[in-house]
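Chain and residue survey
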Amino acid sequence: MKTQTLENISYFPGCSLATSAKENNQSLKKVCAHMGMRLQELNDWNCCGSSSAHSIRSDVAFHLACRNLSLAPKGRPLLVACPSCILRLKSAHHRLKEDPAACEEYERRWGREPDLDLQIIHFFELMKANGHLGSAPSEALQGLKFAPYYGCMLAYPPQLRHENRYYGLMENLLSHFGAESLIWDYASRCCGTFLSVARPDVVTPMVNQIMQGAINAGAECLVTACAMCHLNLEIRCNLKEKLPIFHFSELLTLAYGLPLKKNWLTKHLVDPLPLLKQRRLVA
Amino acid sequence: MQASRSTAMILAAGEISLPNRGNDMLEIDTSFCDTVVQRSGEEFRRCLQCMSCAGGCPFSHAMTYRPNGVIRLIQYGFVREVLESPDIWLCVGCNTCSIACPMAIDIPGMMDALREIAIENKVKINESAILSFHQEVLNSIQRYGRTHKLEIMMRYKLRRRDFFTDMDVGLKMMAKRKLDLMPSKIADPKVVAKLFSEAEK
Ligand code: SF4
Ligand code: SF4
C-alpha cells in the first residue's frame, strides 16, 4: 500500500473506543492526523456484533458487519481500530467474496452492491505503510522497557490466513524511538475477553500469569493494541504489584512528541503517571 | 449418567474403545456429525487428534473434553455430552487453536454452530452465566444498534440476581468515566432491530 493513497480514510471506531477506551481513540486519531491522514468516521456505524453475535446468532453477526461495510464509501480504505471488530468485518467481507448468494442478500438488504475490493485495514497497517514517517531514530521514549502484548490479535481463522499480520510491529516501531522491547512468554496469550464478566474466576489467574510474566521479564509496562486486553489486564489482575498498560497509540503520541492530554492518562485504572514521570516522559 | 460421562471422557481423551453406555447407547446419534459439519461449514472430520489445539487453548483446564475431545465426541455421536458441555461456552474464539491446527480446522467456527444447536434444542446450558451475558449484549445491540456497557452489566446482574460481585470494579470504571451513563445509538435503531427478527435461522 502506498503512502499517497492513505490520505482519506474511512474510520470505524467500534463501541469500546467510542466509550470505555476513549484515550485509545483520541491518541489514535492524533497519531493519524500527525501522519497527514484525514479520518472520516463511518456515518452511523453500528456495533460489529462483538463476541456475542457470532457466538449465538451467526446470521445476525453477518448482517451487522455487512451494514457497516455498506456504509463505507467506495475507493478509500476502511480503518478499524479494534482487533476484534476487524476480524468480524473481515470475516463478513470474506464471505461476500466467496458466496454469491450472500452478495445477493446483501444487495437486497442494503440496496447496493458490496464493494468486494474494499480494503479493511488495522491501525498497524497504516503504521507499516508509513513506517517511521521518515523520522530519524530518537530517544524520545527514554529507554522505557516494555512487554509487547498482542493477545489474540495476530491469530486469524484458517480462511483468513492470507491476510496481513504484523508480528514485531510494536517492537520495531517503539524501539526506533528508544524504547526497549523485551522477549517474554505471553505476548500472544489470550486475555480472556468476555469471560471476564461471567467467569472472572477463570480469567483472573490468566491475566495474573500474563502480568507476572511481564514483571519477571523485567518490564516496566505492557503495550497493547486492543482495548479489551487493556481493560481485562486492568480490572482482573489482582496481584499486589501491577504494571501500567499503555495503548500502542498512546506511546506513539509520546514518541512523536505530540501533546499528551492529561485526561487520557487519568483514564487508566493502573496509574501510569509515576512511571512516565520517573522516565521523564511527562513533566 | 455418571458412567456415560466417564466413557465420553475416555473417548475424548483419545482412547478408542466402543462406548459402553448400556441403555444410553440409544442416545448416540450417528447423523450428528453430518449435522454439525453442515451447519458450521467446517470439515472437522479431517482432525488427526494431534491435540495441538488442546495444548494451546488457554481455557483447556476449565473444559471437560477440550477442543479435540469435542470433535471426537461429535464423530461418535455423543450429542448430549457435546451440547451440554461447558467447553462450547468457554471457547472465546481466540483462534489460538486454529493457528496451531495442522489440518487448518476452524475450531471456533465449529463451536459457534454447536452453541446455536444447543440453544435450539433447549438442552441444559452448562454455563448459563455466559449465555446470559451474550443475550444481554445482543439485547443492547438490538435496542441501540450499539452496545451500552453499563446497561449490559446492570441487566446481566439482574438476570443473575447477583448484585454484589464486581461492585468495586464497576465503581472504579464509573469513576474513570469508562462507563457512559447514556447509550450511544445509531440514527434509527429499528434498522438493526429488524435484523434480529428477520434474519433467517
Ligand atoms: S489441532 Fe486440529 S488436527 Fe489436531 S487435534 Fe486439534 S483439531 Fe484435531
Ligand atoms: S478459539 Fe476456543 S477452543 Fe480455540 S484456543 Fe481459543 S478458546 Fe480454545
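In what follows, the accompanying structure is described. (Residues numbered from 1 in each chain as written. Chains lettered and ligands numbered in written order. Predicted model: local features only at pLDDT ≥ 70, side-chain atom pairs only at ≥ 80, totals over all residues. Heavy atoms only, no water.)

**Remarks on the site of ligand 1**
All names here are of chain B. The condition that has to hold: Residues are counted as near a molecule or strand when any one of their heavy atoms sits within 4 Å of it. Strands are runs of DSSP state E lasting at least two residues, helices are runs of H or I lasting at least four, and both sets are numbered from the N terminus onward. Lys, Arg, Asp and Glu make up the charged group, whereas Ala, Val, Leu, Ile, Met, Phe, Trp, Tyr, Cys and Pro make up the nonpolar group; the residues left over, Gly among them, are polar.
Around ligand 1, a shell composed of 14 residues is seen, among which C47, C50, M51, C53 and C101 lie nearest. Counting only elements with at least two residues in the shell around ligand 1, the list comes to helix 3 (52–56) and helix 4 (66–76). Here the shell around ligand 1 is composed, by residue class, of 11 nonpolar, three polar and no charged.

**Concerning the layout of surface pockets**
Residues and elements named next belong to chain A. Inclusion rule: Cavity and pocket criteria rest on a 1 Å grid covering protein atoms alone: a 1.4 Å probe that fits but cannot get out defines a cavity, protein on both sides within 12 Å along at least 5 of 7 lines defines an open pocket, and an atom within 4 Å of a point defines a lining residue. Grid points are joined across faces, edges and corners, and a volume is the space filled by probe spheres set on the points. Boundary definitions for the domains trace back to an automatic or database domain assignment.
Taken as a whole, the second largest pocket holds about 280 Å³ of empty space. The wall of the second largest pocket is formed by 17 residues, among which K90, H93, K97, I120 and E163 lie closest to the centre. At the level of elements, helix 5 (83–98) and strand 4 (120–122) are the ones that each hand at least two residues to the lining of the second largest pocket. When residues of the lining of the second largest pocket are assigned to their parent elements, the largest contribution, four residues, is made by helix 5. Of the residues in the lining of the second largest pocket, the class split is five nonpolar, six polar and six charged. Both domains that meet at the lining of the second largest pocket, namely domain 1 (9–124) and domain 2 (136–278), each give it at least three residues.

**Some points on the interface of chain B and chain A**
Many authors give the size of an interface as the accessible area that is lost as the parts come together. Condition: When checking whether two residues touch, look at their non-hydrogen atoms; a contact exists if any pair is within 4.5 Å. The term buried area means the drop in 1.4 Å probe accessible area that two parts suffer when joined, counted for both and summed. Salt-bridge detection follows one rule: a side-chain nitrogen of Lys or Arg within 4 Å of a carboxyl oxygen of Asp or Glu. Two N or O atoms count as a polar contact when they lie within 3.5 Å, although within protein this holds only if one can serve as hydrogen donor and the other as acceptor, and sequence-adjacent residues are included solely when both atoms are side-chain atoms.
At the junction of the two partners, chain B supplies 55 residues and chain A supplies 56 residues. Of the roughly 4,900 Å² buried at the junction of chain B and chain A (both faces included), carbon and sulfur atoms supply 62%. Linking chain B to chain A there are one salt bridge. Across the salt bridge formed by E127 of chain B and R199 of chain A, the nearest N and O atoms sit 2.6 Å from each other. Across the contact surface, chain B and chain A share 10 residue pairs in polar contact (both at pLDDT 80 or more).

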